[in-house]
Amino acid sequence: MPDLQKLYDAILNGDNKAAASITKEALAQAVEPMDLVNKYMIPAMDEVGRRFESEDCFVPELLLSARAMKGSLELIRPLLAARGTEPAGRVAIGTVQGDLHDIGKNLVASMLEGGGFEVVDLGADVSPEKFIAAIQSRRIDVVALSALLTVTMPTMKTTIEALTLAGVRQKVKVIVGGAPVTKEYAKQIGADGFAENAISAVSLVRKMLAEQPVA
Amino acid sequence: MDQPVRIRLEPLGEVIEVASGTPLKDVLFLRGVEFPCGGHGRCKRCRIKVLAGNLPIAAAEESLLSPGELAEGWRLACHARPETAVTLEVAQWETAILADDSTFDFTPGEGLGIAVDLGTTTLVAQLLDLSTGRTLAVSSTLNPQATCGADIMSRVQYAVLENGQHRLEAFIRGAIGRLIRNLLQGWTGPEAPPVRRITIVGNTVMHHLFCGIDVTPLSRVPFEPVRDGLEVFRATDLGWEIAGDAPVNFLPCLGGFVGSDILAGFLATRMQESDALVGLIDLGTNGEIAFGTRDRIICASTAAGPAFEGGLISMGMRASTGAITEVTASDGGLQCRVIGNASPRGICGSGLVDAVAVGLEHGYVQPNGRLPGPSHRFPLCPPVELTQGDIRQLQLAKGAVAAGIRIILARLGASPSDVQRVYLAGAFGNYINRTSARRIGLIDFPNDVVEPAGNTALLGAKLALFTPDIDFASIRARVQHIVLSADPNFEEIYVGEMGFPTA
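On a predicted model such as this, the values are computed, not experimentally measured, just so you know. (Residues numbered from 1 in each chain as written. Chains lettered and ligands numbered in written order. Predicted model: local features only at pLDDT ≥ 70, side-chain atom pairs only at ≥ 80, totals over all residues. Heavy atoms only, no water.)

Participant: Just checking my understanding: could you explain the overall build of chain A for this structure?
Facilitator: On a plain count of helices and strands, chain A comes out with nine helices and five strands. Taken from N to C terminus, the helices and strands of chain A fall in the order α-α-α-α-β-α-β-α-β-α-β-α-β-α. Taken over C-alpha atoms, the radius of gyration comes to 17 Å for chain A, in line with the 17 Å a tight globule of 215 residues would show. Counting only C-alpha atoms and orienting by the principal axes, one finds that chain A spans roughly 55 × 40 × 30 Å. Looking at the 215 residues of chain A, the share that counts as buried comes to 55%. In chain A, 72% of the contacts between residues at least 6 apart in sequence involve partners at least 24 apart. Carbon and sulfur atoms make up 52% of the accessible area of chain A, which totals about 9500 Å². Across chain A, the centroid of the 23 positively charged side chains sits 4 Å from that of the 27 negatively charged ones. (Helix = DSSP H or I, 4+ residues; strand = E, 2+ residues; numbered from the N terminus. Rg over C-alpha atoms; globule rule 2.2 N^0.38 Å. Buried < 20%, exposed > 50% of the residue type's maximum accessible area, 1.4 Å probe, protein only. Contact = heavy atoms within 4.5 Å. Areas by Shrake-Rupley, 256 points an atom, 1.4 Å probe, with all protein chains shown as cover. Lys, Arg positive; Asp, Glu negative; His and termini not counted. Charge placed at Lys NZ, Arg CZ, Asp CG, Glu CD.)

Here is the structure:
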């Protein structure tokens, strides 16, 4: 039986090789996959998030931890899928049309994955049609829109309007974020939530899905 | 209602009277205070402190400033409309503007010429005697467009979303017209030699806004201008009254947001004629990087942000009175050099780079950027200190520049050791300590390769006055503009460059 605390440490320290090897070993010895995720991996990412919030660590450490988490998840996911285990929620994320910045969006996507959600990353410069198609085909619970430029921020509004027109707005929660975006702006364009950074995005999605399970 | 209100502005000691309820933004802007977010109450950079009197708190201020800050009297100038007498301390200071006094080779001509460096933040113009090459007068001012946003993207936003293109054009044409009028005082009348030509350089957004070209293409993917070549006007087209109606040339851009200020930098450093691999780095409100030889130059703009000018740093300020410009370690303590023999009030870009370099050397800053110890603060000279957030801002800024250099060199198939010379343009390049810049991993070249080059934009604009037949098409054909964030390895390289070298 491997020392699973080491999985927690490996993810916390961003050591993707150690994380993958402990995960493999644990799965080979028939450790319950959901236990790995819920008892070690998610708590490790939560601790990384806490350190980020308290400024003890920064973007590079966050990304290394997220990559270690992702590597382990890729080993575990096929087992969960084979059993039909559903994720805590599905989030479609993308940088809105006209905006090519994706580092911030990638960070949010990684942290959401680290938080136990399945993330459908639609990339950068994503048209409203792509968001709509994802909602229709992938059973999405939350749509996360990112914009890094003041000039592309209004596209968040037009994307939300397009969801309404396509009749899928009620099926999902919409959250927005990005450097120029404010809480007031989020409210003004009819988003359901706003997150200041990747860490608060995770707690926001958790809170939303706990409060009101989406049908 | 019409009772005038007395406002005393510290530390200038100036007293002004305005009508009750006048927006403080208008009053302060005329006195050189900048509004980086365009006065939208987002950036907190126009902070003022109420020293005496009363200034009511606006709702927006309650969400942006902490209760402690509000209690101490901090307000945002962009929201304030004083109705009774107040004494205010303005957190920003006057700006030092870099002109150019270098000597250069030229072919003598006739009459007078005017060179203008149209910066996002500042405007500098020089009047030249084209027969002697002598500078007859210098004039500078802040770019009045700054009331509508500090950086180029907020100008584009103002032009596109708030229908402000014509307003920005009128601002800048008016301001340069006034600069030129100042320069020509004493050089008018029948005796004075005629003005032969006027050359203006600036980044692509400044080019478009001055020339009356729609900036909409610069607001959306792929952020490429559709018309960015040489633009020629007559002075009268611009509403300027100059004897002889001299031609006004706005030099061509290089691609994307990289404009004729960098093209002028090539002329000033003769980079486009160089056999050896050389670089030009300009870190201003907008950062630009170019590397290459006479055969091929690659250039890009970076999202370095304003950290190197003291922006987004909690006690950051421009290089002016009270700013820490240098930090060194001696006898187990820190020595800070402060501009103007004053007590320290803040820190400018060169001081920040020094402080972090010293901090890394002595363990006050860890290579991953962390400030050890429970307070997460790095005290320099009281009351000036760096916060953990300040170090993070520097990591983002220096990571962007270092990543830009690496990506451009990789595209050229070169390594840093192949580079024979790196010109650092602008005020920051003049003040920065090269050893410190290398220590923090901003510019990884030996000191003797790096050369502070001054205001190369203005120098290049002057050179262009003497050589009206520069083959811009030939230069532009050899320059390739790249979008750094579109590089498949950008994220990897950028994140990798956010850390500091271990030794």
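Participant: Explain the domain arrangement of chain A here, please?
Facilitator: Interface size is commonly expressed as the accessible surface area that is lost when the partners come together. Residue and element names in this part refer to chain A. Here chain A is described as being made up of domain 1 (5–83) and domain 2 (90–211). The centre of domain 1, based on its C-alpha atoms, is set 24 Å off from the matching centre of domain 2. On the domain 2 side, the residues contacting the 14 residues of domain 1 number eleven residues. Both faces combined, the contact of domain 1 with domain 2 buries some 1100 Å², and carbon together with sulfur accounts for 68% of it. On the domain 1 side of the interface with domain 2, the three residues burying the most area are Glu53, Leu62 and Arg77, jointly 30% of the side's total. (Domains from an automatic or database assignment. Buried area = accessible area lost by both parts, 1.4 Å probe.)

Participant: Honestly, the packing of aromatic side chains in this entry has me stumped. Any pointers?
Facilitator: Two measures describe an aromatic ring pair: the distance that separates the ring centres and the angle between the ring planes. Scanning the model with the defined rule gives nine aromatic pairs over all chains in all. Seen in terms of ring centroids, Phe52(A) and Phe58(A) are 6.5 Å apart; in terms of plane orientation they differ by 5 degrees. Their pairing is stacked. For the residue pair Phe52(A) and Phe58(A), the accessibility class agrees, reading buried in each case. Ring centres of Phe210(B) and Trp240(B) lie 6.0 Å apart, and the angle between their planes is 55 degrees; on these two criteria the pair is classed as tilted. Taken as a pair, Phe210(B) in helix H6 (residues 204–211) and Trp240(B) in the loop between strand S10 (231–234) and strand S11 (247–250) lie far apart in primary sequence, 30 residues in all. Both residues of the pair, Phe210(B) and Trp240(B), belong to the buried class. Above the face of the Trp74(B) ring, Arg47(B) is positioned so that its terminal group lies 5.5 Å from the ring centre. Seen from the ring of Phe210(B), Arg173(B) lies directly overhead, with NZ or CZ sitting 5.6 Å from the centre. (Phe/Tyr/Trp six-rings, centres within 6.5 Å; stacked < 30°, edge-to-face > 60°. Lys NZ or Arg CZ within 6 Å of the ring centre and 35° of its normal.)

Participant: Hey, could you run me through the state of the cysteines in this one?
Facilitator: Should the sulfur atoms of two cysteines be covalently bonded, the bond is a disulfide. Residues and elements named next belong to chain B. Applying the stated criterion to the full structure yields one disulfide over all chains. With a sulfur-sulfur separation of 2.5 Å, Cys336 is cross-linked through a disulfide to Cys381. Measuring the twist about the S-S bond at about 105 degrees, one finds the Cys336-Cys381 disulfide to be right-handed. Here Cys381 lies in the loop between strand S18 (377–379) and strand S19 (385–387) and Cys336 lies in strand S16 (residues 333–338), a separation of 45 residues in the sequence. With no disulfide of its own, Cys348 has Cys336 as its nearest cysteine by sulfur position, at a separation of 11 Å. You can call Cys348 buried: its relative accessible area is 4%. (Disulfide = S-S within 2.5 Å.)

Participant: What should I look at first to understand the interface of chain A and chain B in this one?
Facilitator: Each partner contributes residues to the interface: chain A has 23 residues there, and chain B has 24 residues. Buried surface at the junction of chain A and chain B, summed over both partners, amounts to about 2000 Å²; 63% is from carbon and sulfur atoms. Area buried by chain A at its contact with chain B is led by Glu55(A), Phe58(A) and Val151(A), which between them contribute 28% of it. Across the chain A-chain B interface, the total number found is two salt bridges. For Arg67(A), the salt bridge identified is with Glu492(B), shortest N-O distance 3.4 Å. (Salt bridge = Lys/Arg side-chain N within 4 Å of Asp/Glu carboxyl O.)

Participant: Looking at this structure, I do not really get the packing of helix H9 (residues 388–411) of chain B against helix H14 (residues 490–497) of chain B. What am I missing?
Facilitator: Each pair of packed helices can be described by the angle between their axes along with the distance between the axes. All names here are of chain B. H14 packs onto H9 with a crossing angle of 130 degrees between their chain directions and a minimal axis gap of 8 Å. When the interaxial angle is binned, H9 and H14 end up oblique. The chirality of how H9 crosses H14 is right-handed. Along its contact with H9, which presents Leu396, Lys398, Gly399, Ala400, Ala402, Ala403, Arg406 and Ile407, the element H14 presents Phe490, Ile493, Tyr494 and Glu497. Here the contact of H9 with H14 is built from residues that sort into eight nonpolar, one polar and three charged. (Axes fitted to C-alpha atoms, helices over the stretch in contact; angles between N-to-C directions. Parallel < 35°, antiparallel > 145°, perpendicular 65-115°, else oblique. Left-handed = near helix turned anticlockwise from the far one by under 90°. Nonpolar A, V, L, I, M, F, W, Y, C, P; charged D, E, K, R; others polar.)

Participant: Help me understand the sheet that holds S11(B) in this model?
Facilitator: Within a sheet, neighbouring strands are paired by backbone hydrogen bonds and run either parallel or antiparallel to one another. Residue and element names in this part refer to chain B. Pairing within the open sheet is mixed, and its six strands lie in the order S8-S7-S6-S9-S11-S10. Both edges of this open sheet fall to strand S8 (135–142) and S10, since each of them pairs with a single strand only. On average, each strand axis in the sheet is tilted by 15 degrees relative to the strand beside it, whichever way the strands run. Summarising the sheet, strand S6 (residues 112–118) and strand S9 (residues 195–202) pair through seven bridges and their orientation is parallel. Of the residues in S9, the one forming a bridge with Leu118 is Gly202. On top of the sheet, helix H7 (residues 260–269) reaches S9 and S11; it is set at about 110 degrees to S9, its chief contact. (Pairing = 2+ DSSP bridges.)

Participant: Quick question: what am I supposed to make of the nonpolar core here?
Facilitator: Soluble globular proteins: nonpolar side chains tend toward being buried together. In terms of nonpolar packing, the biggest core is built from 112 residues, with Phe291(B), Phe308(B), Val356(B), Leu386(B) and Phe445(B) touching the most fellow members. Composition of this core by domain shows at least three residues from each of domain 1 (5–83) and domain 2 (90–211) of chain A. Membership of the second largest hydrophobic core comes to 46 residues, among which are Met153(B), Leu183(B), Val205(B) and Leu238(B). (Core = buried A, V, L, I, M, F, W, Y, C linked by side-chain atoms within 4.5 Å.)

Participant: Looking at this model, I keep getting lost on the pattern of salt bridges. Mind explaining?
Facilitator: Side-chain pairs of opposite charge can arise whenever the charged atoms involved come near each other. Following the criterion strictly, the structure yields 29 salt bridges over all chains and no others. Across the pair Arg318(B) and Glu309(B) runs a salt bridge, and its minimum N-O distance is 3.9 Å. Judged by its relative accessible area of 22%, Arg318(B) falls in the partly exposed class. Note that Glu497(B) and Arg406(B) form a salt bridge whose closest N and O atoms lie 3.2 Å from each other. Of this pair, Glu497(B) sits in helix H14 while Arg406(B) sits in helix H9, placing them 91 residues apart in sequence. What makes Glu497(B) buried here is its relative accessible area of 16%. Arg406(B) gets classed as partly exposed once you look at its relative accessible area, which sits at 46%. Each of the salt bridges in this network shares a partner with another, and the network as a whole consists of Glu47(A), Arg50(A) and Arg51(A).

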